[in-house]
Amino acid sequence: MFSKLKSVFIKKKEIVKFRYLDEYFMRELKESSFNLLENEYLILRHWKHEEKLDLEKICTEFSVGMDEAKFIFSLISEMYYKAACEKAWDDAYLKMYNTGLVKEATLISAQDSGHKHCFFCSEKMNKKLPITTETYLAFQTECRCKPYKKSFFKPFISFK
Ligand SMILES: [Zn+2]
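Keep in mind it's a predicted model, so treat the numbers as computed, not measured.

Participant: Go over the pairing of strand E1 (residues 104-109), please, and point to the residues and values.
Facilitator: When E1 meets strand E2 (residues 128-130), the two strands line up antiparallel, connected through 3 bridges. Paired with Ala-105 across the bridge in E2 is Leu-129. In this sheet, strand E3 (residues 151-156) lies alongside E1 in antiparallel orientation, the contact comprising 6 bridges. Paired with Ile-108 across the two strands is Phe-152, which belongs to E3.

Participant: Would you mind going over helix H5 (residues 66-99) in detail, with residue names and values included?
Facilitator: Between the first and last C-alpha of H5 there are 49 Å, a value that for 34 residues agrees with the 50 Å anticipated at 1.5 Å per step. Residues Ala-69, Ile-72, Ile-76, Met-79, Lys-82, Ala-83, Glu-86, Trp-89, Tyr-93 and Tyr-97 constitute the buried set of H5. Residues of H5 that are buried make contact with helix H2 (21-31), helix H3 (40-47), helix H4 (55-62), helix H7 (133-142) and E3. In the segment just after H5, Gly-100 is the residue with positive phi, at about 75°.

Participant: How would you summarise the environment of Cys-143 if you had to cite specific residues and measurements?
Facilitator: Residue position: Cys-143 is located in the loop between H7 and E3. A tally of 19 C-beta atoms within 10 Å means that Cys-143 is categorised as partly exposed. On a C-alpha basis, the gap between Cys-143 and His-117 in space is 8.9 Å, while along the polypeptide they are 26 residues apart. With near-sequence residues (within four places) excluded, Cys-143 lies in contact with Cys-118, Phe-120, Cys-121 and Lys-149.

Participant: Tell me about the packing of H4 against H5, and name the residues and values.
Facilitator: Between H4 and H5, the least distance of the axes is 9 Å, while the angle of their chain directions is 110°. Relative to H5, the element H4 lies roughly perpendicular. Contacts between H4 and H5 involve Leu-55, Ile-58, Cys-59 and Phe-62 from the former and Met-66, Ala-69, Lys-70, Ile-72 and Phe-73 from the latter.

Participant: Would you mind going over the packing of H2 against H5 in detail, with residue names and values included?
Facilitator: The interhelical angle for the contact between H2 and H5, taken along N-to-C directions, is 135°, at an axis separation of 9 Å. The orientation of H2 with respect to H5, classified from their angle, is oblique. Taken as a pair, H2 and H5 cross one another with a handedness that is right-handed. When H2 is examined against H5, the residues Leu-21, Tyr-24, Phe-25 and Glu-28 are found in contact with a partner set consisting of Met-79, Lys-82, Ala-83, Glu-86 and Lys-87.

Participant: Account for the sheet that holds E2, naming residues and giving values.
Facilitator: Strand order across the open sheet formed by 3 strands is E2-E1-E3, with antiparallel pairing between neighbours. Each having just a single partner strand, E2 and E3 make up the two edges of the open sheet. Geometrically, the sheet is characterised by an average inter-axis angle of 40° between neighbouring strands, direction not taken into account. Against the sheet, H5 engages E1 and E3, with an angle of about 10° to E3.

How each quantity is defined
Residues numbered from 1 in each chain as written. Predicted model: local features only at pLDDT ≥ 70, side-chain atom pairs only at ≥ 80, totals over all residues. Pairing = 2+ DSSP bridges. Helix = DSSP H or I, 4+ residues; strand = E, 2+ residues; numbered from the N terminus. Expected span 1.5 Å × (residues − 1). Buried ≥ 20, exposed ≤ 12 C-beta atoms within 10 Å, placed from the backbone. Contact = placed C-beta atoms within 7 Å. Axes fitted to C-alpha atoms, helices over the stretch in contact; angles between N-to-C directions. Parallel < 35°, antiparallel > 145°, perpendicular 65-115°, else oblique. Left-handed = near helix turned anticlockwise from the far one by under 90°.

Right under this line is the structure:
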């Protein structure tokens, strides 16, 4: 009887779902300073390798000149990498979190030349952080790394 009651009151650890790559793509499109939403369909198809966008196609479909097409092409390439890298970072975090085995982890810089972590990440670098939904959400809302996070978590596993 008591154990049954107890199980009702002990909150089960919440599993956080992975987000689809499309959500990251849409965020990039919405946050872009350049209005790309008009051509959302074509860009998404290009990102998903369903239809290749080349410079000529950008010129005709977006009604722009060659210089602008080049700019758009490099912009959407950057956005693609940003979305893919952010998803990889989030997925790695959630994989670690969802195992339920990792309670703490140390944030490690995967710094390559010239990359500067944002203030939020810099403050947390090389520190052991609790692996919770709160930590995850804090990174989602506070991180301002440009163009994307270049860090990873080293899990701290305790058998206590
Ligand atoms: Zn950051």
